[in-house]
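Remarks on the overall topology
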Amino acid sequence: MTDLAITVSDERKRKRMVSNRESARRSRMKKQQHLEELVGEVARLESENAQSEMHANLLTERYSKVEAENAVHRAEAAQLAERLKSANKYLSLFEVVRGVKMDIEEIPDPFLSPWLPVCTALLNQCNC
């Protein structure tokens, strides 16, 4: 082989080596960029997840408070209904003993129909 053929062959090998190195460098840079994008997305999703968790905890806390308030209101409503029934019994007794006609309306009992809100039952009774 001649020196010229060896030189051309060496030059091709050198160019191919340089090209391969450049391709490998671009591939590493692309891989590094993709990794950085994924790390950024993980950070963003973790932050979003933390915010969602805080929001869920806040809503759970509010729900618990409202549930506790509702339990108190239900107990108060039951107590008031019982007092009203007792008052109506006294009025009925007074009506019987004194002979005075008392206009005692029927008391709606929302506890017997829990699917109807109390306000609906009261509105239906007063014919508004």
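Calculation notes
Counting restarts for each chain: residues are numbered from 1 in the order of the written sequence. Only residues with pLDDT of at least 70 are given local features in this predicted model, and only at 80 or more are side-chain atom pairs given and counted; all residues enter the totals for whole chains, interfaces and linings. Each side-chain value is worked out from all heavy atoms of the structure, with water and hydrogens disregarded. UniProt positions are given in the numbering used here, feature names are shortened, and annotations may be inferred rather than shown by experiment. To qualify as a helix, a DSSP run of H or I must reach at least 4 residues; to qualify as a strand, a run of E must reach at least 2; elements of each kind are numbered from the N terminus. Each residue's exposure class comes from its accessible area (1.4 Å probe, protein chains only) as a fraction of the maximum for that residue type: buried when under 20%, exposed when over 50%, partly exposed otherwise. Computed by Shrake-Rupley with a 1.4 Å probe, the accessible areas treat only the displayed protein chains as cover when residues are assessed. Residues form patches when they are more than 30% accessible in relative terms and have no salt bridge. Like charges link within 9 Å. Nonpolar side chains (Val, Leu, Ile, Met, Phe, Trp, Tyr) link within 5 Å. Think of a salt bridge as a Lys or Arg side-chain nitrogen and an Asp or Glu carboxyl oxygen that are within 4 Å of each other.

Within an unreviewed UniProt entry, the label attached to the chain reads Basic-leucine zipper (BZIP) transcription factor family protein, and the organism entered is Rhynchospora pubera. Of the chain, the UniProt comment under Subcellular location (unreviewed entry) reads exactly: "Nucleus".

Overview of the overall build of the chain
Along its length, the chain carries two helices and zero strands. Expressed as a percentage of its 128 residues, the buried residues of the chain come to 2%. Here the chain displays about 11700 Å² of accessible surface, and carbon together with sulfur accounts for 59% of that area.

Let's talk about a nonpolar patch on the surface
A cluster of nonpolar side chains, Tyr90, Leu93, Val96 and Val97, forms an exposed patch at the surface whose accessible area comes to about 480 Å². Among the structural elements, Leu93 can be located in helix H1 (residues 3–98).

Considering the pattern of salt bridges
Enumeration over the complete set of coordinates arrives at five salt bridges. A salt bridge links Glu22 to Arg26; its shortest N-O distance comes to 3.9 Å. Placement of both Glu22 and Arg26 in helix H1 is noted, with a separation of four residues, approximately one turn of the helix. You can call Glu22 partly exposed: its relative accessible area is 29%. We note a salt bridge from Glu61 to Lys65, for which the minimum N-O separation is 3.7 Å. Here Lys65 and Glu61 lie together in helix H1, a separation of four residues that amounts to about one turn. For Glu61, a relative accessible area of 44% puts it in the partly exposed group. One network of salt bridges, in which partners are shared, links Glu22, Arg25 and Arg26.

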